[in-house]
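Results of the structural survey
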Amino acid sequence: MHYQTNQITVFPKLFQIKNKEHQSDWLQSMEILQLTENSDNDVSGNIIFFHVPAGQEKEWVNKFKTYDFVEWAELNHYVDINPWP
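How each quantity is defined
Residues numbered from 1 in each chain as written. Predicted model: local features only at pLDDT ≥ 70, side-chain atom pairs only at ≥ 80, totals over all residues. Heavy atoms only, no water. Helix = DSSP H or I, 4+ residues; strand = E, 2+ residues; numbered from the N terminus. Areas by Shrake-Rupley, 256 points an atom, 1.4 Å probe, with all protein chains shown as cover. Expected span 1.5 Å × (residues − 1). Polar contact = N/O pair within 3.5 Å; in protein donor to acceptor, adjacent residues only side chain to side chain. Buried < 20%, exposed > 50% of the residue type's maximum accessible area, 1.4 Å probe, protein only. Arc of directions from axis to C-beta. Phe/Tyr/Trp six-rings, centres within 6.5 Å; stacked < 30°, edge-to-face > 60°.

**Digging into the overall build of the protein chain**
- From N to C terminus, the protein chain includes two helices and zero strands.
- A total of about 8,900 Å² of accessible surface is found on the protein chain, and carbon and sulfur atoms cover 52% of it.

**Describing helix α1 (residues 20-32)**
- With 13 residues, α1 ought to run about 18 Å at 1.5 Å a step, and its terminal C-alpha atoms sit 18 Å apart, in line with that.
- For α1, the N-terminal cap is Asn19; the gap from its side-chain oxygen to the backbone nitrogen of Glu21 is 2.8 Å.
- Positioned one or two residues after α1, Gln34 has a phi angle of 55 degrees, which is positive.

**Here we look at helix α2 (residues 57-65)**
- Restricting attention to buried positions, one finds in α2 the residues Glu57, Val61 and Phe64. All buried residues of α2 project into a common sector of 65 degrees when viewed along the axis, lining one side.

**Let's talk about the environment of Trp72**
- Structurally, Trp72 is set in the segment after α2.
- Along the backbone, Trp72 and Val61 are eleven residues apart, and their C-alpha atoms lie at a distance of 9.0 Å.
- In this structure the side chain of Trp72 is engaged in a polar contact, spanning 3.4 Å, whose partner is the side chain of Glu74.

**Considerations on the packing of aromatic side chains**
- The full count for this structure, using the stated rule, is three aromatic pairs.
- Both rings, one in Trp60 and one in Phe64, keep their centres 5.7 Å apart while their planes meet at 40 degrees; by these two values the pair is tilted. Note that Trp60 and Phe64 are positioned in helix α2 at a spacing of four residues, about one turn of the helix.
- Note on Phe64 and Tyr67: the rings are 6.4 Å apart at their centroids and 55 degrees apart in plane angle, and the pair reads as tilted.
- With a relative accessible area of 18%, Phe64 lands in the buried category.
- Ring-pair connections join several aromatic residues into one group, and the members of that group are Phe50, Trp60, Phe64 and Tyr67.

Written out as structure tokens, the structure reads:
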């Protein structure tokens, strides 16, 4: 969910999509869930997960946010763990 627009974005992973049954199932799911494809962009988008050095995660997110071609950047998972409570 986008923090400003409250719009939910779904990034499906489509396995064996050349299979006609899988295509039909996905199209049916889109209809039932009232999903729409965002094709407003001039270029198709991609999602890239970067593994960055430990302790530098937030720095990298901020660095990626400075690029014009990056629509959004966020931490996939970030947790402080204290092994000695």
